[in-house]
Amino acid sequence: MDFKVADLSLAEFGRKEIRLAEHEMPGLMAVRKEYAASQPLRGAKIMGSLHMTIQTAVLIETLVALGAEVRWVSCNIFSTQDHAAAAVVVGPNGTVDDPQGVPVFAWKGETLEEYWWCTDQALAWPGGDGPNMILDDGGDATLLVHRGAEYEKAGAVPSATDSDPEEWHVIIDLLKRTVGDEKRWTKTAERIKGVTEETTTGVHRLYEMFKNGTLLFPAINVNDSVTKSKFDNKYGCRHSVIDGLNRATDVLIGGKVAVICGYGDVGKGCADALRGQGARVIVTEIDPICALQAAMDGFQVTTLDEVVGIADIFVTTTGNFDIIRADHMAKMKHQAIVSNIGHFDNEIDMAGLIKTEGIVRNNIKPQVDEWIFPDGHSIIVLAEGRLMNLGCATGHPSFVMSNSFTNQVIAQIELFAKTEEYPIGVYVLPKHLDEKVARLHLDALGVKLTTLTKEQAEYIGVDVEGPYKPDHYRY
Ligand code: NAI
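Remember, it's a predicted structure, so these values are computed and weren't measured experimentally.

### Some details on the sheet that holds strand β11 (residues 336–340)
Move 1: Reading across the sheet, the eight strands line up as β9-β8-β7-β10-β11-β14-β13-β12 and stay open at both edges, with mixed pairing between neighbours. Looking at strand neighbours, the two that pair on one side only are β9 (300–301) and β12 (360–365), the edges of this open sheet.
Move 2: Sheet topology places strand β10 (residues 313–316) next to β11; four bridges connect them, and they run parallel. Counterpart to F314 in the pairing with β11 is V338.

### Quick notes on the pairing of strand β7 (residues 257–261)
Looking down a regular strand, the side chains alternate between one sheet face and the other.
Move 1: Counting buried positions over the five residues of β7 gives five, a clear majority of the element.
Move 2: Taking every second residue as pointing to the same face, both faces of β7 are buried, with V257, V259 and C261 on one and A258 and I260 on the other.
Move 3: Pairing of β7 with strand β8 (residues 280–284), which is carried by five bridges, proceeds in the parallel orientation. In the sheet register, I260 faces β8, and the bridge partner there is V283.

### What about the packing of helix α17 (residues 398–417) against helix α18 (residues 431–439)?
In a packed pair of helices, the relevant descriptors are the angle between the two axes and the axis-to-axis distance.
Move 1: Where α17 contacts α18, the two axes come as close as 9 Å, and the packing angle between them is 140°. As judged from the angle between their axes, α17 and α18 are oblique. When the axes of α17 and α18 are compared, the crossing they make is right-handed. Contacts from N403, T406, N407, I410 and E414 of α17 reach α18 at L433, D434 and V437.
Move 2: Tallied by class, residues from the contact of α17 with α18 come to three nonpolar, three polar and two charged.

### Concerning the site of the ligand
Move 1: Inspection of the region around the ligand gives 25 residues, with T199, T200, T201, E285 and I341 positioned closest.
Move 2: At 2.6 Å from an oxygen atom of the ligand is found a side-chain nitrogen or oxygen belonging to T201.
Move 3: Residue H343 places a main-chain N or O atom 3.0 Å away from an oxygen atom belonging to the ligand.
Move 4: Here the ligand has 860 Å² of accessible area as a free molecule, and 84% of this is covered by the chains.
Move 5: Looking at the shell around the ligand, the elements with two or more residues in it are α9 (200–212), α10 (226–249) and α11 (265–276).

### Overview of the UniProt feature "domain: S-adenosyl-L-homocysteine hydrolase NAD binding" (unreviewed entry) in the protein chain
Move 1: Here, the residues flagged by UniProt with the feature "domain: S-adenosyl-L-homocysteine hydrolase NAD binding" (unreviewed entry) are residues 233–395.
Move 2: Split by type, residues 233–395 is 35% helix and 23% strand. Its first and last C-alpha atoms lie 11 Å apart.

### Some points on the packing of aromatic side chains
Move 1: With the rule as written, the count across this model stands at six aromatic pairs.
Move 2: An angle of 90° between the planes, with centres 4.8 Å apart, marks the rings of Y473 and Y475 as edge-to-face.
Move 3: Across the ring face of W107, the terminal group of K4 is positioned such that the distance to the ring centre comes to 5.0 Å.
Move 4: R184 extends its terminal NZ or CZ atom over the ring of W185, reaching a point 4.0 Å from the ring centre.

### Observations regarding the domain arrangement of the protein chain
Move 1: Domain annotation of the protein chain identifies domain 1 (8–137 + 139–197) and domain 2 (235–392).
Move 2: Relative to domain 2, the C-alpha centre of domain 1 lies at a distance of 30 Å.
Move 3: On the domain 2 side, the residues contacting the eleven residues of domain 1 number nine residues.
Move 4: When domain 1 packs against domain 2, close to 890 Å² is buried across both sides, 58% of that on carbon and sulfur atoms.
Move 5: Connecting domain 1 to domain 2 are zero salt bridges.

Cut-off values and rules
Residues take numbers from 1 onward in each chain, read along the sequence in its written order. Local features are withheld for residues below a pLDDT of 70 in this predicted model, meaning they are given only at 70 or higher, and side-chain atom pairs are given and counted only at 80 or more; totals for whole chains, interfaces and linings count all residues. Processing note: side-chain calculations cover all non-hydrogen atoms of the structure and skip hydrogens and water entirely. We call two strands paired when DSSP finds no fewer than two bridges between them. Helix and strand labels come from DSSP, where a helix needs a run of H or I of at least four residues and a strand needs a run of E of at least two; each type is numbered from the N terminus. Burial classes follow relative accessibility: with a 1.4 Å probe on protein chains only, a residue under 20% of its type's maximum area counts as buried, one over 50% as exposed, and anything between as partly exposed. Throughout, an axis means a line fitted to C-alpha atoms (over the contacting stretch in the case of helices), and angles, computed between N-to-C directions, take values from 0 to 180 degrees. To sort the angles, those under 35 degrees are grouped as roughly parallel, those over 145 as roughly antiparallel, those from 65 to 115 as roughly perpendicular, and the leftovers as oblique. Helix crossings get a hand from a simple test, with the near helix turned counterclockwise from the far one by less than a right angle marking a left-handed crossing and a clockwise turn marking a right-handed one. We call two residues contacting when some pair of their heavy atoms lies within 4.5 Å. Following the grouping adopted for this structure description, the nonpolar residues are Ala, Val, Leu, Ile, Met, Phe, Trp, Tyr, Cys and Pro, the charged ones are Asp, Glu, Lys and Arg, and the polar ones are all others, Gly among them. For each residue, the test is whether any non-hydrogen atom lies within 4 Å of the molecule or strand; if one does, the residue is near. Polar contact is defined as a pair of N or O atoms within 3.5 Å, subject to the rule that within protein one atom must be able to donate a hydrogen and the other to accept it, and that residues adjacent in sequence are counted only when both atoms are side-chain atoms. Surface exposure here means Shrake-Rupley accessible area, sampled with a 1.4 Å probe, where a residue is shielded only by the protein chains that are shown. UniProt positions are given in the numbering used here, feature names are shortened, and annotations may be inferred rather than shown by experiment. Put simply, two rings from Phe, Tyr or Trp (the six-membered ring, in Trp's case) pair if the centres are within 6.5 Å, and we call them stacked under 30 degrees between planes, edge-to-face over 60, tilted for the rest. Note on geometry: a ring has a charge over it if NZ (lysine) or CZ (arginine) is within 6 Å of the ring centre and within 35 degrees of the ring normal. The source of the domain bounds is an automatic or database domain assignment. Buried area is a sum: the accessible area each of two parts loses on coming together, probed at 1.4 Å, counted once for each and added. Any Lys or Arg side-chain nitrogen located within 4 Å of an Asp or Glu carboxyl oxygen qualifies as a salt bridge.

Take a look at the structure:
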């Protein structure tokens, strides 16, 4: 088996944590039981690009339990948990000397070149007859296949220019080496039955491609299952934003002024968490609806420029770019903490910060840097501007990821087993499946659900068994 991880000897530790996580992931374990006999993913060759954590290990082993062949990478250079990666490679029945699990190409602290090399490896199926499914988080695997196929069609790979980000140069270099007469990427795109996308940012890319007519295979938007974005993005970040801040800095949050940029699902969870710790939270927004929500939730809402000099902690949650610029960072208080929990690192202008004249980088520990300005004041940047909850801590806990990943497994089954029902487009799972995912997580929390009477169901115009809400309901 081909693979590349940091240290296979961490597998035993990883396996112990996977065992604990399985108990906290009732949705995934129920799906394993439900489909054990029918094996709906037999024949599926799934390339996964999603943070290689303990929770993801349980997802991977669920896909395998349903019959899939899997190859995996992380979707961020800092998010791999090395013991999880090792345990997945060794597998539940293998040993360090005889690994029998799943090929993983991921370790914590990859360079950008290594990151894209890993993605390429996981897409290069032995024998050349796969993958036929992608499970993506942020859309990097989908992007590589699409750009490869596009440049093969055009017959050339364009050169990156000086104004392109460093990462684009890396991607172009990789495509220059792999785009060719054998039409590897074109064939890969043709083989792929579909992609299931985990996050807001990746979904945004998919809708753009569909709109432009460039999407090459159908996609299921897992993010917009209610049991994903209204849980993982919100309650997951409510947990893991604090974890990231604590592990990185251990600074007391109570009494501090914290700015949360963006009040979508992630922003709501982060603002709630920091308020829970006693911080005085200020929100920035561009959307009047979200701004009004933040105000009615009791937060001051203003612009970053207004408060940049008085805040102690900054967290960007927008999925947009250039939210905190270099000139903002220059105006911050001494040792202000600057972090991003959105998918990509361009929410904070790290390139601009690095170019600031006379600035000095003082590495405190992995994923924590003090940047000292010429006037002597400094700021602390977490995870080099990449998502801090996975870069500086361990991301979301198992229970909330069980909701997200149960949606992922159901979406993979839908696209793989019912391919003809999904012409090229971007779909969300039907509401009855969303409700099913929630239902699978109620017992573990001791939730007792009220059952509608037949008369009540008729009165509100639903079926006793659900779905209970119309598709446009917003929760
Ligand atoms: P969302 O679309 O619900 O929220 C983003 C909010 O930011 C919106 O309300 C938007 O109006 C606001 N916004 C956009 N530009 C802004 C600007 N210039 N200034 C202030 N506010 C601005 O998206 P969601 O689901 O909250 O996701 C946000 C990001 O977090 C995405 O990149 C997503 O992929 C990522 N994500 C990260 C997770 C993690 O564990 N680190 C988990 C889930 C999502």
